Amino acid sequence: MEIRMVFMVSLLLAMVFGLAKSLEFTEKDLASDESLWDLYERWRSHHTVSRDLTEKRKRFNVFKANVLHIHKVNQINRPYKLKLNKFADMTSHEFQNYFSSKIRHYRMLRGSRAVTGFMHKKAKNLPASIDWRKKGAVTGIKDQGNCGSCWAFSAVVGVEGINKIKSGQLVSLSEQELVDCEKDNEGCNGGLMENAFNFIKKHGGLTTERIYPYRARDGNCDSAKMNSPAVIIDGHENVPENNENALMKAVANQPVSVAIEAGSSDMQFYSEGVFTGDCGTELNHGVGVVGYGTTLEGTKYWIVKNSWGTEWGEQGFIRMQRDIDAEEGLCGLAMDASYPIKSSADNPKPPKDEL
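Residues numbered from 1 in each chain as written. Predicted model: local features only at pLDDT ≥ 70, side-chain atom pairs only at ≥ 80, totals over all residues. Heavy atoms only, no water.

Under an unreviewed UniProt entry, the protein chain has the name Vignain and belongs to Fraxinus pennsylvanica. Its UniProt record gives the protein chain the following Sequence similarities (unreviewed entry) comment, quoted word for word: "Belongs to the peptidase C1 family." (UniProt positions renumbered as here; feature names shortened; annotations may be inferred.)

Laid out in structure tokens, this is it:
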């Protein structure tokens, strides 16, 4: 009860913070380059973005194109809306470079996924909806910053979730330990979630975010911190690829780490609603699926935890259309899904400063 209360308070604070960070604009702001420049200056002040005059002029043209795109999409009858956010003076290419984990690249470079069991294969009578946030199995939204470490955040969503389910404790774990110490991936230059799971199993667990805090940059592995594990896992399994039904079986039982293509302008400025935008399957971003449901209008969706801070999306989350015609799922969401296995509640004893 106490953990759930803490989660609800944190979620409420995140919602308030997210709303406070929104910057609205009107038709009047779009009337001329002069009014758009004023909007750009307000946006820079709002996000404390510093630019010299030459860079401002260059960025203004990008900002202007993005504002007009947001306005155009929001006039269309789509089940989702866009908004100005901290990415508003980035091109789509720059945006992708900002967060990209190059998952598709690493998959092609290092071969196909390993063949594993699928413990949820025989799951039946699945709930019509599930939200692991409401069950206290999801920590607050984090922000990877200008570092392609989303693979670490995605893996940690899965480990934090299964640990809560098995041990009853929600513990915020360290992405930075994975960035610094997991050498099969390349830190801020990208990687694969399954390598993170293998590392956590091999090294006897993962420490807490408090002990090994996130810095949004590559660093030397701090072995002293790494040797203070808080949560252990027994391994991981891969969800059968291109199979949303299999993914649903897994998510009904635990949060799942997945990869998506996240480089579209609509994804960049997503604000709310069920995302149905155009996107491909060049997987470049790791996220966590923490539930699923259906709107009152009958649109099925996945609840996805992102790592771009609380201002983006629905206080850091996105609902993505579920059960579409394409086997790979929207944005390739069903192509490369995996989850950690934890057979018992056992964990290492926490360090004294964590008690």
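Still more ground to cover, so stick around.
Draft legend 1. Inspection of the side chain of aspartate 266 at higher detail. Relative to the helices and strands, aspartate 266 is located in helix H11 (residues 265-268). Here arginine 78 takes part through its side chain, which lies 3.1 Å from a polar atom of the side chain of aspartate 266. Polar contacts involving the side chain of aspartate 266 include one to the side chain of tyrosine 80, which spans 2.5 Å. (Helix = DSSP H or I, 4+ residues; strand = E, 2+ residues; numbered from the N terminus. Polar contact = N/O pair within 3.5 Å; in protein donor to acceptor, adjacent residues only side chain to side chain.)

Draft legend 2. Highlighting the state of the cysteines. Overall, the coordinates contain three disulfides when judged by the stated rule. Cysteine 181 shares a disulfide with cysteine 221; S-S distance 2.1 Å. Between cysteine 181 and cysteine 221 the disulfide shows an S-S torsion of about 95 degrees. By sign, it is right-handed. With cysteine 181 in helix H7 (residues 175-181) and cysteine 221 in the loop between helix H8 (193-202) and helix H9 (223-226), this pair connects stretches of sequence that are 40 residues apart. A residue is classified by how much of its surface remains accessible, and cysteine 221, at 31% relative accessible area, is partly exposed. In this model, cysteine 279 is linked to cysteine 331 through a disulfide, with the two sulfur atoms separated by 1.9 Å. Given an S-S torsion of about -85 degrees, the disulfide between cysteine 279 and cysteine 331 has left-handed geometry. Note that cysteine 279 is positioned in the loop between strand S5 (270-275) and strand S6 (285-294) and cysteine 331 in the loop between strand S8 (317-321) and strand S9 (338-341), a separation of 52 residues in sequence. Judged by its relative accessible area of 2%, cysteine 331 falls in the buried class. For cysteine 150, which is in no disulfide, the shortest distance to another cysteine sulfur is to cysteine 147 and amounts to 8.8 Å. Here cysteine 150 falls in the buried class, since its relative accessible area comes to 0%. (Disulfide = S-S within 2.5 Å. Buried < 20%, exposed > 50% of the residue type's maximum accessible area, 1.4 Å probe, protein only.)

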